[in-house]
Amino acid sequence: MIVGHVGIAMGARALRRDVPLAWLLAASIAPDAVNIAESMSRLCNPDGLYSHSLPAIAILTLVLSIAAFVHLRNGSAAVMVGFMVVLHLLVDYLTGEKLLWAHGPLIGFNLYRWPAFDFAFEAPVIAAGWWMLRRAGTDPRWITSWAALAILIAIQGEFNLSQSNSVWRGRRSCRVRRTVRPGAAHTITRGADSSGRAAMVRRLLPFTVDDAP
């Protein structure tokens, strides 16, 4: 899920007015933020291993829950922030495919295979969250304006259009160069195999990363 996470955060804000929208948004997109940061740093994150696996989600949940509690001094709000991180992963199992843990199974319905269906799923989620927040009247009008809704839907549409043009499947290939001994290197290339599934990372060792085209 992409922009749909924002819609979920908006809906959560409408239901839990004691939790600031900024915290709900941060928690709802935290795994994707980690994934983007790793990508910008040219680090390999095969099938969300370091951002969407169960261990990664557990760490993000703990960190954000503690941070929210320290800032808000509200235990219930902190739990809600942590729940938003977990909810991110649950809905991502519908739209994409993620590793459960290192060397573990790759699971997910991967709705990204059909961009039009993904848009048909995410757009109503965005609209529903926006509508709930608009009715609640708890946040600045610009956040719940029609223009804001149009921008969110447009971003989702542009993403799905790019999927259609590139036959994008929610993952990117990368090559992991693993040092075996001084002066020698062993390279493992991950990418989609003939069945469209990504090859599994066999073991975790110190590495440097080169992007595959």
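The structure we're discussing is the one just above.
Residues numbered from 1 in each chain as written. Predicted model: local features only at pLDDT ≥ 70, side-chain atom pairs only at ≥ 80, totals over all residues. Heavy atoms only, no water.

Q: What is the right way to look at the side chain of Gln 156 in this model?
A: Residue position: Gln 156 is located in helix H6 (residues 146–166). Reaching out from Gln 156, the side chain makes a polar contact with the side chain of Asp 118 at a distance of 3.3 Å. Gln 156 has contacts with Ile 2, Val 3, Gly 4, Asp 118, Phe 119, Glu 122 and Ile 126, leaving out every residue within four places of it along the chain. (Helix = DSSP H or I, 4+ residues; strand = E, 2+ residues; numbered from the N terminus. Polar contact = N/O pair within 3.5 Å; in protein donor to acceptor, adjacent residues only side chain to side chain. Contact = heavy atoms within 4.5 Å.)

Q: I would appreciate a short explanation of the pattern of salt bridges in the present structure.
A: Any two side chains of opposite charge can pair, so long as their charged atoms come close to each other. On inspection of all chains with the given rule, the structure shows 2 salt bridges. The partner of Asp 139 in a salt bridge is Arg 13, and the shortest N-O contact between them spans 3.0 Å. Of this pair, Asp 139 sits in the loop between helix H5 (115–136) and H6 while Arg 13 sits in helix H1 (residues 4–15), and the two are 126 residues apart along the sequence. Here Asp 139 falls in the buried class, since its relative accessible area comes to 16%. Of the charged contacts in the structure, one is a salt bridge between Arg 16 and Asp 18, with a shortest N-O distance of 2.8 Å. A residue is classified by how much of its surface remains accessible, and Arg 16, at 21% relative accessible area, is partly exposed. (Salt bridge = Lys/Arg side-chain N within 4 Å of Asp/Glu carboxyl O. Buried < 20%, exposed > 50% of the residue type's maximum accessible area, 1.4 Å probe, protein only.)

Q: Quick question: what am I supposed to make of the packing of helix H2 (residues 21–40) against helix H3 (residues 54–72) here?
A: Axis separation between H2 and H3 bottoms out at 11 Å; the angle between their running directions is 150 degrees. By the angle between their axes, H2 is roughly antiparallel relative to H3. The element H2 and its partner H3 pack so that their crossing is right-handed. Residues Trp 23, Ala 26, Ala 27, Ala 30, Pro 31 and Val 34 of H2 form the contact with H3, whose participating residues are Ile 57, Leu 60, Leu 64, Ala 67, Ala 68, His 71 and Leu 72. For the contact of H2 with H3, the per-class residue count stands at 12 nonpolar, 1 polar and no charged. (Axes fitted to C-alpha atoms, helices over the stretch in contact; angles between N-to-C directions. Parallel < 35°, antiparallel > 145°, perpendicular 65-115°, else oblique. Left-handed = near helix turned anticlockwise from the far one by under 90°. Nonpolar A, V, L, I, M, F, W, Y, C, P; charged D, E, K, R; others polar.)

Q: What exactly am I supposed to notice about the packing of H1 against H5 here?
A: To describe two helices that pack against each other, one gives the angle between their axes and the distance between the axes. Remark: H1 packs on H5, axes separated minimally by 7 Å, with the N-to-C direction vectors making an angle of 25 degrees. If you check the angle between H1 and H5, you find them roughly parallel. Our pair here, H1 against H5, has a crossing hand that is left-handed. Contact with H1, carried on its side by Gly 4, Gly 7, Ile 8, Met 10, Gly 11, Arg 13, Ala 14 and Leu 15, involves Glu 122, Val 125, Ile 126, Gly 129, Trp 130, Met 132, Leu 133 and Ala 136 of H5 and no other residues of that element. Considering only residue class, the contact of H1 with H5 consists of 10 nonpolar, 4 polar and 2 charged.

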